[in-house]
Amino acid sequence: MVTKFANEPYLDFSLDKNRQEMEQAIARLKAEAGAEHRLCIGGRRVKAREQFVSYNPSDKKPVGTFQKGTVKEAEKAIAAALGAFESWKTVPAIERASVFLRAARIMRQRRFEFDAAMVLEEGKSWIEADADFAEAVDFLEFYSREAIRYDAPCGVTPWPGELQEVRYIPLGVGIVIPPWNFPCAIMAGMTSAAAVSGNTVVLKPSSDAPLIATLFARVLEQAGLPAGVVNLLTGSGGTTGDFLVEHPKTRFVSFTGSKPVGLGIIEKAARVGPGQKWIKRVVAEMGGKDCVVVDSEADFDDAVEGVALSAFGFQGQKCSAGSRAIVDAKVYDAFLDALQKRVKKIKVGPTENPQNWMGPVINERAFDSIMEYVKVGRTEGRLICGGKGDKNKGFFIEPTVFADVKRNARIAQEEIFGPVLSVIKARGFSDALSIANGTEYGLTGAVYSRNREKLLRAKREFHVGNLYLNRKCTGALVDVQPFGGFNMSGTDSKAGGRDYLLLFLQAKSITERF
Ligand code: NDP
């Protein structure tokens with residue numbers, strides 16, 4: 001009997017015991033930074049010809065060495081997944097689910113290790129790392145229950161003299177390509193959704209997050225997942241991505257990442273290769289240019305806090321980050337004043353120290369690209385906070401706010417994916433909604449207002465996959481706020497929602513006449 005799903009609570013780091021365990025886990029992982037980790041293909045540890053190092057963005061020190069998988073290893077991974085599919089697809093859903101429920105249990109026992117790995121490898125603050133961990137466990141728990149639900153006979157209208165049934169069956173071999181910014185939650189969520197549904201997977205993690213993916217692959221092994229069901233292929237997406245996506249035996253691709261890479265995958269997956277006898281399915285969850293609307297009738301303090309948290313949590317490196325604040329002209333000046341004071345309180349530094357609420361951005365490429373946008377911002381807006389970056393020791397950028405940004409400015413339209421907020425003045429609520437909807441994306445959005453009519457209008461007219469009223473636009477919980485965007489933010493899927501597993505299943509209708 002599987003109990004009802006409930007979201008995993010977060011750790012309380014104000015408790016001495018939790019703080020000490022976290023410090024010890026960080027120290028242990030740092031001591032293991034010299035380790036070399038292998039690929040996992042068909043249950044075997046595989047070494048590639050070349051290796052790469054994953055670095056801590058807070059201090060540029062290594063966190064581990066990983067294999068640079070090439071097309072040769074990618075071919076082996078697809079072959080292993082193809083072989084394993086023949087038996088895994090026949091395993092009853094309840095047994096598949098039990099493996100992933102066991103994995104969730106093992107992860108809970110190793111919680112500090114996972115949290116510490118995200119602090120070191122991605123520069124997450126302790127709280128952000130633990131929220132990422134909790135979401136990963138939620139995905140394992142939730143999708144396991146969903147797999148059992150989809151396995152039950154689904155209702156069809158009876159027909160005289162016949163017996164009808166509809167069964168959901170898996171698709172085949174899937175390529176899972178997650179991003180680095182939710183290195184545990186999104187990676188584990190995408191992988192488990194595909195595999196618990198009876199598919200087999202080649203998991204190609206981000207080159208900025210190979211450690212977390214390696215820890216997760218080991219947990220799956222420990223939980224008893226049969227060899228070949230999930231194959232770990234670290235290395236550059238640029239090297240193996242096209243091969244994996246275009247392979248004729250690939251049945252589906254589950255991608256989360258940037259718009260350009262996502263659109264490239266959709267295009268390549270649409271081409272039918274020699275020997276291919278299906279149309280590939282692609283689930284692509286992509287970028288955003290999310291915003292918080294502050295109405296003239298907003299609860300002012302809540303709105304200021306919500307904008308600051310949405311814009312700068314995890315250094316603004318969330319697809320849901322509120323990188324635009326759209327503020328009614330009536331409260332605009334007061335809002336800027338209060339926001340400036342709030343943002344100045346944010347502490348930036350290495351996240352090993354839990355006092356630092358904001359850490360580094362992920363790597364030098366991101367640092368340079370964000371600082372380029374800061375340069376653009378100086379010509380497109382009025383700098384009221386931050387603006388400086390320092391990449392000497394780690395990749396740190398101050399929380400940066402530009403005021404008086406025009407709605408069509410580059411910094412108001414392009415995803416920056418860093419701690420840069422554009423504040424845009426709106427001429428009333430209608431204008432605010434029009435600015436909010438005025439990008440090519442449609443991922444998350446928030447509206448602060450105490451006026452019921454305006455909130456109802458936002459529900460009807462604000463076109464985003466995840467809309468929040470009177471709260472920040474980040475922090476969706478599994479099965480509480482199923483997550484995924486519209487327009488160029490993706491293929492309209494909802495991770496952590498009750499339709500999600502259907503993306504990895506196909507329905508077979510069977511009729512027997514008697
Ligand atoms: P990228 O698009 O750069 O990379 C995502 C993944 O794609 C990585 O694993 C990467 O591997 C791989 N990849 C790169 N090139 C190719 C290729 N040619 N073929 C196949 N795979 C490839 O995104 P980031 O990792 O930088 O993630 C940030 C982006 O993700 C932002 O745009 C953010 O908004 C979006 N995102 C969207 C979410 C959503 O739910 N909509 C959630 C979280 C993030 P490698 O690292 O080796 O290059």
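Notes on the structure in this doc start here. These numbers were taken from a predicted model, which means no experiment stands behind them.

**Some points on the nonpolar core**
Phase 1 of the analysis: Ranked by size, the top nonpolar core spans 72 residues in total, and within it Phe-100, Met-107, Phe-114, Tyr-143, Leu-225, Val-230 and Leu-501 carry the most contacts.
Phase 2 of the analysis: With sequence-adjacent residues up to four places away left out, Phe-114 is seen in contact with Met-107, Phe-133, Cys-184, Ile-212, Leu-215, Phe-216 and Val-219.
Phase 3 of the analysis: One finds Ala-209, Phe-367, Ala-458 and Phe-462 within the second-largest nonpolar core, a separate group that totals 35 residues.

**Details of the sheet that holds strand E12 (residues 322-328)**
Phase 1 of the analysis: With respect to topology, seven strands assemble into an open sheet ordered E13-E16-E17-E12-E11-E19-E20, the strand pairing being mixed. Strand pairing shows two members of the sheet lacking a second neighbour, strand E13 (382-385) and strand E20 (466-469), which therefore form its edges. Taking the axes of each pair of neighbouring strands and ignoring which way they run, one obtains an average angle of 20° across the sheet.
Phase 2 of the analysis: Bridge count for strand E19 (residues 444-448) against E20 is four bridges, and the pairing is parallel. Bridged to Ala-446 within E20 is Tyr-468.

**Some words on helix H3 (residues 93-109)**
Phase 1 of the analysis: With 17 residues, H3 should cover 24 Å at 1.5 Å per step; its first-to-last C-alpha distance of 25 Å lies within 8% of that length.
Phase 2 of the analysis: Among the residues of H3, Ala-93, Arg-96, Ala-97, Val-99, Phe-100, Leu-101, Ala-103, Ala-104, Ile-106 and Met-107 are the ones counted as buried.

**What about the site of the ligand?**
Phase 1 of the analysis: Near the ligand, the surroundings consist of 31 residues, among which Ser-207, Gly-237, Ser-258, Met-286 and Glu-415 are the closest.
Phase 2 of the analysis: In the model, an oxygen atom of the ligand is placed 2.8 Å from a nitrogen or oxygen of the Pro-178 main chain.
Phase 3 of the analysis: Within the side chain of Ser-206, one N or O atom sits 3.5 Å away from an oxygen atom of the ligand.
Phase 4 of the analysis: Compared with its free state, where it exposes 910 Å², the ligand has 86% of that area covered by protein.
Phase 5 of the analysis: Contributing elements (two or more residues each) for the shell around the ligand: helix H8 (237-246), strand E9 (250-256) and helix H9 (259-270).
Phase 6 of the analysis: Among the elements that take part in the shell around the ligand, H8 stands out by supplying four residues, more than any other.

**Quick word on the packing of aromatic side chains**
Phase 1 of the analysis: A full pass over the atoms with the stated rule returns 14 aromatic pairs.
Phase 2 of the analysis: Arranged with centres 5.3 Å apart and planes meeting at 70°, the rings of Phe-13 and Trp-126 form a pair that is edge-to-face. Of this pair, Phe-13 sits in the segment before helix H1 (16-31) while Trp-126 sits in helix H5 (residues 126-151), placing them 113 residues apart in sequence. One exposure class covers both Phe-13 and Trp-126, and it is buried.
Phase 3 of the analysis: For the pair Phe-142 and Tyr-143, a centre-to-centre distance of 5.8 Å together with 50° between the ring planes defines the contact as tilted.

Criteria and thresholds
- The residue numbers shown here count from 1 along each chain, following its written sequence.
- The predicted origin of the model limits local features to residues at a pLDDT of at least 70 and limits the giving and counting of side-chain atom pairs to 80 or more, whereas totals for whole chains, interfaces and linings rest on all residues.
- In computing side-chain properties, one takes all heavy atoms of the structure into account and sets aside hydrogens as well as water.
- Nonpolar core, defined: a set of buried Ala, Val, Leu, Ile, Met, Phe, Trp, Tyr and Cys residues in which side-chain atoms within 4.5 Å join the residues together.
- In this scheme, a residue with accessible area under 20% of its type's maximum is buried, one over 50% is exposed, and one in between is partly exposed, where area comes from a 1.4 Å probe on protein chains only.
- By definition, residues are in contact when any of their heavy atoms lie within 4.5 Å.
- One requirement defines pairing of two strands: DSSP has to find at least two bridges between them.
- Only DSSP runs of H or I covering at least 4 residues are called helices, and only runs of E covering at least 2 are called strands; the numbering of each starts at the N terminus.
- As a rule, the C-alpha atoms of each element are fitted with a line to give its axis, helices using only the stretch in contact, and angles between N-to-C directions run from 0 to 180 degrees.
- One less than the residue count of a helix, multiplied by 1.5 Å, gives the span that helix is expected to have.
- Only heavy atoms are used to decide nearness, and a residue is near a molecule or strand if one of them lies within 4 Å of it.
- Identification of polar contacts relies on pairs of N or O atoms within 3.5 Å, with a donor-acceptor requirement for protein atoms, meaning one able to donate a hydrogen and the other able to accept it, and with residues adjacent in sequence counted only if both atoms are side-chain atoms.
- Computed with a 1.4 Å probe, the accessible areas rest on the Shrake-Rupley method; for each residue, only the protein chains presented here act as cover.
- Aromatic contacts are taken between Phe, Tyr and Trp rings whose centres are within 6.5 Å, Trp giving its six-membered ring; a plane angle under 30 degrees counts as stacked, one over 60 as edge-to-face, and the others as tilted.

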